[in-house]
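Structural characterization, general
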Amino acid sequence: MGEIVLIRHGQTEWSAAGRHTSYTDLDLTEEGVRQARVAGERLSGRTFAAVISSPRKRALRTAELAGLTVTETTDDLAEWNYGEYEGITSATIHETDPGWSLWTDGAPGGETPEQITVRIDRVLAHARDLTGRGDVALIAHGHSLRVAGARWIGLPASGGGKLKLGTATLSVLGFEHGTPAIDSWNA
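Residues numbered from 1 in each chain as written. Predicted model: local features only at pLDDT ≥ 70, side-chain atom pairs only at ≥ 80, totals over all residues. Heavy atoms only, no water.

Another point: the sheet that holds strand β1 (residues 4-8). As summarised here, the arrangement of the six strands in space is β3-β2-β4-β1-β5-β6, forming an open sheet in which the pairing is mixed. Two strands close off the open sheet at either side, each with one partner strand: β3 (72-73) and β6 (179-184). Taken together, the five bridges between strand β5 (residues 170-176) and β6 define a ladder with antiparallel strand orientation. Bridge pairing in β6 places L173 opposite I182. (Pairing = 2+ DSSP bridges. Helix = DSSP H or I, 4+ residues; strand = E, 2+ residues; numbered from the N terminus.)

Written out as structure tokens, the structure reads:
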């Protein structure tokens, strides 16, 4: 059985500033380019049966710079849709809605936790099927990959709120005696 390697895209101007970025299609900063290349060096020698990416520029560029050939793109790996909170920081949102949490409330005009769960579950089922052929890479975004980590181990989407994930980090989803387990996180 192969493993599923989660690769968060490199830094963008908005990720560096803590601004929620879902459908806005930003490219990487110079630092993000450097981070993506380093991620590629860390993946050196590893082969993938499939490389599945979000269709956003920042994810595809990270794959390219990491030396990976994307075999498939899917909107199911796109970032959590922040709706009206697109481009806004959590601190700014809390000024008018102090109790708000993406993990439990979703985003007004965007996605609910239940909606992102459905699409991330589809990605994970597809990737798990492909692990019979070898390792699978998923290249995507901070919140969507945090949901993937939570869902892999049977937690609700809100469990992703407990899984910190930096830009251009690698996380590995595997198995312990046939049961889904997190082998490494935010490395």
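For the rest of this paragraph, the subject is the pairing of strand β4 (residues 136-140). Buried residues dominate β4, accounting for five of its five residues. On β4, burial covers both faces: V136, L138 and A140 on one face and A137 and I139 on the other are all buried. Sheet topology note: the β1/β4 ladder contains five bridges and is parallel. Along β4, the bridge assignment pairs I4 with V136. (Buried < 20%, exposed > 50% of the residue type's maximum accessible area, 1.4 Å probe, protein only.)

The next subject is the nonpolar core. Counting residues in hydrophobic clusters, the biggest one holds 30 residues, and the most contacted among them are I4, L6, W80, L124, V136, L138 and V147. Mapped onto this core, the elements with two or more residues apiece are β1, β2 (50-53), α5 (102-105), α6 (113-130), β4, α7 (142-152) and β5. With six residues, the single largest contributor to this core is α6. With residues up to four places along the chain from it excluded, the contact list for L124 reads L138, A148, R151, W152 and L173. (Core = buried A, V, L, I, M, F, W, Y, C linked by side-chain atoms within 4.5 Å. Contact = heavy atoms within 4.5 Å.)

Purely geometric numbers; function is a separate question.
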